[in-house]
Each structure stands twice: as C-alpha cells, then as structure tokens.
Amino acid sequence: MDFNVKKLASDAGVFFTRAVQFTEEKLGQAEKTELDAHLENLIARGDCTKNWTEKIFRQTEVLLQPNPSARIEEFFYEKLDRKIPTRTTNGELLGQYMQDAAKDFGPGTPYGSTLITVGEYQKKLGGAEREFLQASAVSFLTPLRNFLEGDWRTISKERRLLENRRLDLDVCKARLKKAKLAEAKAAAAPDFQETRPRNYILSASASALWSEEVDKAEQELRVAQTEFDRQAEVTRLLLEGISSTHVNHLRCLHEFVEAQAAYYAQCHKHMQELQKELSRFPNAFAVSASTSGISAGPSPLSGGSAPGCPAASSGPLDPAPLKIEEVKPPATGTRKAKVLYDYDAADTSELSLLADELITVYTVPGMDPDWLIGERGNQKGKVPVTYLELLS
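What comes next concerns the included structure. No experiment lies behind these values; they were computed from the predicted model shown.

## Points about the overall build of the protein chain
From N to C terminus, the protein chain includes eight helices and five strands. Its helices and strands in sequence order give the protein chain the pattern α-α-α-α-α-α-α-α-β-β-β-β-β, from N to C terminus. Each of the 392 residues in the protein chain was classed as buried or not, and the buried ones make up 30%. Expressed as a percentage of contacts within the protein chain between residues at least 6 apart in sequence, the contacts between residues at least 24 apart total 68%. For the protein chain, the computed accessible surface area is about 25,100 Å², with 57% contributed by carbon and sulfur atoms.

So this is what it looks like as structure tokens:
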C-alpha cells in the first residue's frame with residue numbers, strides 16, 4: 001500500500017484551513033466571496049427541482065406499489081442488478097379465488113356461474129393493472145430515478161467542489177490581506193534617534209521578507225481565482241442542463257398520463273362488459289327461490305327473454321306476458337334516473353336506453369327488484385336497475 005505522508009499532511013492542512021475559514025464566516029469574522037446572481041438562481045432552481053422530483057418519485061412509487069415490503073424487495077433486486085420476479089396482482093388473485101370457489105359451489109348453480117364470470121373479469125382487470133405498472137415504471141419512474149441517482153449526483157459533486165474552491169479563494173484573500181498589513185507595518189520609517197542601529201537593519205530585513213510573502217500570496221490568489229472561475233463555469237453549465245431535464249420529465253409525464261388513461265379506459269370497458277354479462281341473468285334470485293320451493297310472489301313481467309315471470313299460485317300456470325300499456329305510474333314513488341350505459345331492448349316489453357339520458361322510473365307491486373318501469377316521453381318499458389343511476 002502506497003502511503004504518502006506528505007500528501008496526507010498537505011490534505012489535512014487544506015482541510016483545516018477550509019474549516020477555519022468556514023467557521024469564521026459563520027461567526028462573521030471573515031469575508032465571503034459571493035456567487036454571481038445568475039449562478040445563485042441556477043442553484044436555487046436546481047435544489048427546487050431535486051426536492052420536488054424526489055417527492056413525486058416517492059409518491060408515485062407508493063401509488064403504483066402501496067405495499068412497503070414489496071417496494072423494499074424491488075429496491076434490493078435493482079441494487080443487486082437482478083430481474084424483479086413477476087408478482088401476481090390483487091385482481092388476478094381475487095379472480096382465481098372466485099373461480100376456485102365456483103368449482104366447490106358448483107359451476108352450474110347461479111352463484112357458481114356468476115363467480116366464474118366475475119373471476120374471469122377480475123383477472124382481466126389484474127392483467128391490465130400489471131401492464132399499467134410496467135408501462136409507468138419504464139416511462140415515468142425510471143427517468144426520475146436516473147435524474148436523482150445520476151445527473152443530480154454529478155451536480156452535487158461539482159457544487160461541493162465549487163464550495164471548496166471558494167473557501168480556498170477566501171483563504172488566499174485573507175492571507176494576502178494579512179501579508180500586506182504586515183508589510184506596511186514593517187516598511188514604516190524606523191526611529192533613527194535610536195542609539196541601537198540594529199533596529200533599522202532588522203526592520204529592513206523584515207520588510208523584504210514580508211514583500212516576498214505578499215508576492216507569494218498574490219500568486220496563490222491568482223491560481224485560486226482561476227480554479228474558482230473554472231469550477232463555477234462547470235457548475236453553471238451543469239445547472240443550466242436542468243432546463244432540458246424539465247423538458248424530458250414533461251414528456252415522461254405525458255406518457256404516464258396516457259398509460260393511466262389507457263388503464264382506466266380498459267378497466268371501464270371490462271366492467272361494462274361484466275355488467276352486460278350479469279344483466280343477462282337478472283332472475284337468478286327468483287330462479288334460486290323457486291328451485292328451493294319458495295314462491296317468488298306475483299310478478300308482472302313477460303316471459304321469453306324478459307327478466308321475470310309470474311309466480312304460481314296452487315298449481316302450474318302458463319306465464320302471462322306483461323302488458324306495458326296497462327301499467328300506470330303510481331301517484332307517488334316516481335324518480336328520475338340517469339342512464340349509465342346503452343341498452344338494447346330484448347323485446348317489446350323493454351325500453352331501449354342511451355347513455356347519459358334522463359328517464360322517469362318507478363316500480364310496481366311484485367316486480368323483480370332488478371328491474372324498473374322506465375318512461376321517456378310517450379315510451380314506456382322495463383329497464384335494468386344496473387344500467388341506471390337514481391337521482392331523486
């Protein structure tokens with residue numbers, strides 16, 4: 001091991017003089033070289049960018065992965081430069097549980113078949129979530145992390161070096177100032193009335209020594225000023241690059257928003273499809289009740305593909321179709337509803353719907369709770385409750 005004692009002693013001396021200068025500046029006992037206003041503004045802008053980028057990065061990580069243990073695991077995988085294992089999303093896990101439960105409950109039962117359908121769509125939602133997480137990590141998190149762990153570390157290193165150069169410059173300025181004061185004191189006219197002429201000789205010798213010390217201090221000051229100016233220019237160029245960083249982060253932000261919008265649109269599409277799937281079997285509760293020997297009660301709903309049938313009294317009867325034109329709205333109990341999705345009527349007893357339109361709805365005694373009577377102008381028909389948002 002090459003152990004250079006002289007270099008170690010020199011570095012220790014430089015560190016000590018910088019520490020003394022820094023302490024005296026804090027105590028107001030030494031002058032401090034101020035940076036130019038433009039560089040100060042760049043430094044403040046850089047600090048602001050770093051602080052907010054770090055906060056946005058951390059909170060985005062929490063948004064994409066709320067589990068802190070999983071985030072720590074991913075952090076270690078990244079530091080070890082190993083591939084992060086694929087993790088099952090909560091939606092996919094829920095969908096698998098639903099489908100496994102359907103096998104035990106019986107896939108032919110209304111509950112079992114519904115669990116299978118819902119589980120399938122939960123898996124689709126989980127897959128969409130995984131794609132969104134992957135896209136967001138690549139397009140948004142990675143650029144932010146690269147800035148914090150790459151560009152900003154370089155800027156911080158150069159800023160520390162600039163601060164050391166400034167301290168060295170101020171040390172040289174203080175040393176030159178002291179040398180000039182000592183030279184002026186030594187060059188003062190000696191007292192010729194002294195009976196000891198040796199005082200004059202010593203004074204002239206001291207004046208020459210301090211003159212040499214002033215020349216040496218001026219040379220050190222010029223070198224320190226050159227190094228300080230060079231380092232200030234390097235730091236300024238790096239800090240001006242923050243503007244291009246903002247442009248890059250702006251592009252990444254647009255990509256993140258696009259990925260987020262695509263994810264939510266895909267989720268909305270899956271949920272619409274799921275609701276349409278479930279609306280095909282609105283009488284699951286009534287069917288279940290009838291198979292258990294429980295009367296569902298009278299129901300004014302039509303047969304065929306209509307979502308209900310009249311209950312039997314004492315013996316089997318043919319279902320009587322509901323005559324919509326004979327249904328009268330009650331005196332009280334009508335409500336306004338907003339249509340959430342488009343709906344195509346299955347037969348003449350139903351009313352076709354358009355998304356975002358407003359209709360009047362009400363129920364009649366014994367009617368299936370999954371359906372209401374809807375009116376729009378002079379049109380009337382049954383409408384599924386799952387397609388509506390009741391307003392009043």
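Once the structure has been displayed, the description carries forward.
## Some points on the environment of E158
Secondary-structure assignment places E158 in helix 5 (residues 110–186). Among the residues examined, E158 registers a relative accessible area of 17% and is labelled buried. Spatially, the C-alpha atoms of E158 and R236 are 9.7 Å apart, while their sequence positions differ by 78 residues. Dropping the residues within four chain positions of it, E158 is found in contact with Q231, V234, T235 and L238.

## Topic: the pairing of strand 1 (residues 335–339)
As paired strands, strand 1 and strand 2 (residues 358–362) are joined by four bridges and run antiparallel to one another. In the strand pairing of strand 2, R335 is matched with V361. Examined bridge by bridge, strand 1 and strand 5 (residues 388–390) share three bridges and lie antiparallel to one another. Residue K338 lies in a different strand from strand 5, and its bridge partner there is E389.

## Side note on the packing of aromatic side chains
One pass over the full model with this rule turns up nine aromatic pairs. Ring geometry for F147 versus W152: centroids 6.3 Å apart, planes at 45 degrees, classification tilted. The buried category is assigned to W152, whose relative accessible area is 8%. Arranged with centres 5.1 Å apart and planes meeting at 65 degrees, the rings of Y343 and Y387 form a pair that is edge-to-face. Of this pair, Y343 sits in the loop between strand 1 and strand 2 while Y387 sits in the loop between strand 4 (379–384) and strand 5, and the two are 44 residues apart along the sequence. A single burial state applies to Y343 and to Y387, both of which are buried. One aromatic cluster is present, built from ring pairs that chain together F132, F140, F256, Y263 and Y264.

## Side note on the nonpolar core
Membership of the largest hydrophobic core comes to 33 residues, with the highest contact counts inside it found for L39, F132 and L239. Mapped onto this core, the elements with two or more residues apiece are helix 2 (37–64), helix 5, helix 6 (198–240) and helix 7 (242–279). Residues contacting L39, with those up to four places away along its chain left out, are L162, A232, R236 and L239. Of all hydrophobic cores here, the second largest spans 19 residues; its members include V339, Y341, I359 and Y362.

## Some details on helix 2
Taking 1.5 Å of rise per residue, the 28 residues of helix 2 would be expected to cover 40 Å, and the 40 Å separating its terminal C-alpha atoms lies within 8% of that figure. Taken residue by residue, helix 2 has L39, L42, I43, G46, T49, T53, F57, T60 and L64 as its buried positions. In this structure D36 caps helix 2, since a side-chain oxygen of it lies 3.2 Å from the backbone nitrogen of H38.

## Observations concerning unusual backbone geometry
Within the chain, D356 stands out as a residue other than glycine whose phi angle is a positive 80 degrees. Exposure remark for D356: the relative accessible area of 56% places this residue in the exposed category.

## Quick word on the pattern of salt bridges
Any two side chains of opposite charge can pair, so long as their charged atoms come close to each other. One pass over the structure, following the stated rule, counts 18 salt bridges. A salt bridge links E61 to R58, with the nearest nitrogen and oxygen atoms 3.6 Å apart. Of this pair, E61 and R58 both sit in helix 2, three residues apart, which is roughly one turn of the helix. Classification of R58 by relative accessible area gives partly exposed; the value is 46%. Of the charged contacts, one joins R130 and E92 as a salt bridge, the two residues approaching to 2.5 Å between their closest N and O atoms. Pair noted here: R130 is in helix 5 and E92 is in helix 4 (residues 90–105), with a separation of 38 residues, a long-range link. Overall, the relative accessible area of 15% leaves E92 in the buried class.

Thresholds applied
- Residues numbered from 1 in each chain as written.
- Predicted model: local features only at pLDDT ≥ 70, side-chain atom pairs only at ≥ 80, totals over all residues.
- Heavy atoms only, no water.
- Helix = DSSP H or I, 4+ residues; strand = E, 2+ residues; numbered from the N terminus.
- Buried < 20%, exposed > 50% of the residue type's maximum accessible area, 1.4 Å probe, protein only.
- Contact = heavy atoms within 4.5 Å.
- Areas by Shrake-Rupley, 256 points an atom, 1.4 Å probe, with all protein chains shown as cover.
- Pairing = 2+ DSSP bridges.
- Phe/Tyr/Trp six-rings, centres within 6.5 Å; stacked < 30°, edge-to-face > 60°.
- Core = buried A, V, L, I, M, F, W, Y, C linked by side-chain atoms within 4.5 Å.
- Expected span 1.5 Å × (residues − 1).
- Polar contact = N/O pair within 3.5 Å; in protein donor to acceptor, adjacent residues only side chain to side chain.
- Salt bridge = Lys/Arg side-chain N within 4 Å of Asp/Glu carboxyl O.

All we've got here are geometric facts, nothing functional implied.
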